[in-house]
Amino acid sequence: MMRLLGFGLLLSFAVPAPGQPAKQIAQDAAVTPVEDVNLKKREISPVLLSAEQDPYSSEATRNCAQINAALDSLNGVLGPDFDSDKVAKKGLNKTGIAKNLVGSFIPFRGVVREVSGAAGAERRYNAAVDAGIARRGYLRGVAVSRGCKPSVTSKEAAAN
């Protein structure tokens, strides 16, 4: 009975959010067990690996063109920054709810994730993303202090 209730709840959240098809939500939720046993891994972008080495490096900050190129690379991996119009507004994260619901049916999920290495891989990925966010913030600060104007690519990304 509880499983039927859970799957009914899952399907009710599969109503697409603006710009997110129900099929994508269902696919993301369906791979949760595969991710939990570390069979599907998220690759860490070289841009994030570089940021992880030294997020506050002065490399690529010689001029505005270098700074904007580095920011464009980070934006391509991380998505829009917090002050962008493209950042999702607060509300229900239907994909997250669906993934958590599916994950709740996996017995001893936390133990499985630790033993399989999935939890460690997720921690490594999240640390790289955090370093990328720190790098982007540092570069934006350098750009502002030097009076750099955003690149055409950044302007186009913000307009879309």
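Before reading further, recall that the structure is shown in the block above.
Here we summarise the structure given alongside this text. (Residues numbered from 1 in each chain as written. Predicted model: local features only at pLDDT ≥ 70, side-chain atom pairs only at ≥ 80, totals over all residues. Heavy atoms only, no water.)

The next point concerns the packing of aromatic side chains. Under the counting rule described, the total for this entry stands at one aromatic pair. Their ring planes at 85 degrees and their centres at 5.8 Å tell us that Tyr56 and Tyr138 sit as a pair that is edge-to-face. Linking Tyr56 in the loop between helix H4 (46–53) and helix H5 (64–78) with Tyr138 in helix H8 (residues 118–146), this pair joins segments that are 82 residues apart in sequence. Of the residues examined, Tyr138 reaches a relative accessible area of 25% and is grouped as partly exposed. (Phe/Tyr/Trp six-rings, centres within 6.5 Å; stacked < 30°, edge-to-face > 60°. Helix = DSSP H or I, 4+ residues; strand = E, 2+ residues; numbered from the N terminus. Buried < 20%, exposed > 50% of the residue type's maximum accessible area, 1.4 Å probe, protein only.)

Our next topic: the side chain of Thr61. Within the secondary structure layout, Thr61 lies in the loop between H4 and H5. Owing to a relative accessible area of 6%, Thr61 belongs among the buried residues under this scheme. Ignoring anything within four residues of it in the chain, the contact list for Thr61 reads Gln66, Ile67, Tyr138, Leu139, Val142 and Arg146. (Contact = heavy atoms within 4.5 Å.)

Right, let's get into the state of the cysteines. Counted by the stated rule, this structure contains one disulfide. For Cys64, the disulfide goes to Cys148, at an S-S distance of 2.0 Å. Disulfide Cys64-Cys148: torsion about the S-S bond near -80 degrees, hence left-handed. Here Cys64, found in helix H5, pairs with Cys148, found in the loop between H8 and helix H9 (152–159); they are 84 residues apart in sequence, far enough to count as distant. Given the relative accessible area of 14%, Cys148 is considered buried. (Disulfide = S-S within 2.5 Å.)

Bringing a nonpolar patch on the surface into the picture now. Side chains of Phe108, Val111 and Val115 sit close together on the surface and give an oily, nonpolar patch of about 380 Å² of accessible area. With respect to the secondary-structure elements, Val115 resides in helix H7 (residues 109–116). (Patch = residues over 30% accessible without salt bridge, like charges linked within 9 Å, V, L, I, M, F, W, Y side chains within 5 Å. Areas by Shrake-Rupley, 256 points an atom, 1.4 Å probe, with all protein chains shown as cover. Salt bridge = Lys/Arg side-chain N within 4 Å of Asp/Glu carboxyl O.)

At Ala60, a residue that is not glycine, the phi angle is positive and equals roughly 65 degrees. Here Ala60 shows up in the loop between H4 and H5. We classify Ala60 as partly exposed; its relative accessible area is 29%.

Axis separation between H4 and H8 bottoms out at 8 Å; the angle between their running directions is 75 degrees. In terms of their interaxial angle, H4 and H8 are classed as roughly perpendicular. In this structure, H4 contributes Leu48, Ala51 and Glu52 to the contact, and H8 contributes Arg124, Ala127, Ala128, Val129, Ala131, Gly132 and Arg135. (Axes fitted to C-alpha atoms, helices over the stretch in contact; angles between N-to-C directions. Parallel < 35°, antiparallel > 145°, perpendicular 65-115°, else oblique.)

Looking now at the pattern of salt bridges. Two side chains that carry opposite charge are able to pair once their charged atoms sit near each other. Applying the stated criterion across every chain yields a total of two salt bridges. Where Asp81 meets Arg136, a salt bridge forms, and the shortest distance between an N and an O atom there is 3.6 Å. Of the two residues, Asp81 is situated in the loop between H5 and helix H6 (94–103) and Arg136 in helix H8; the sequence distance between them amounts to 55 residues. Residue Arg136 is classed as buried on the basis of its relative accessible area, which comes to 4%. Here the salt bridges share partners, and the residues they tie into one network are Asp81, Arg136 and Arg140.

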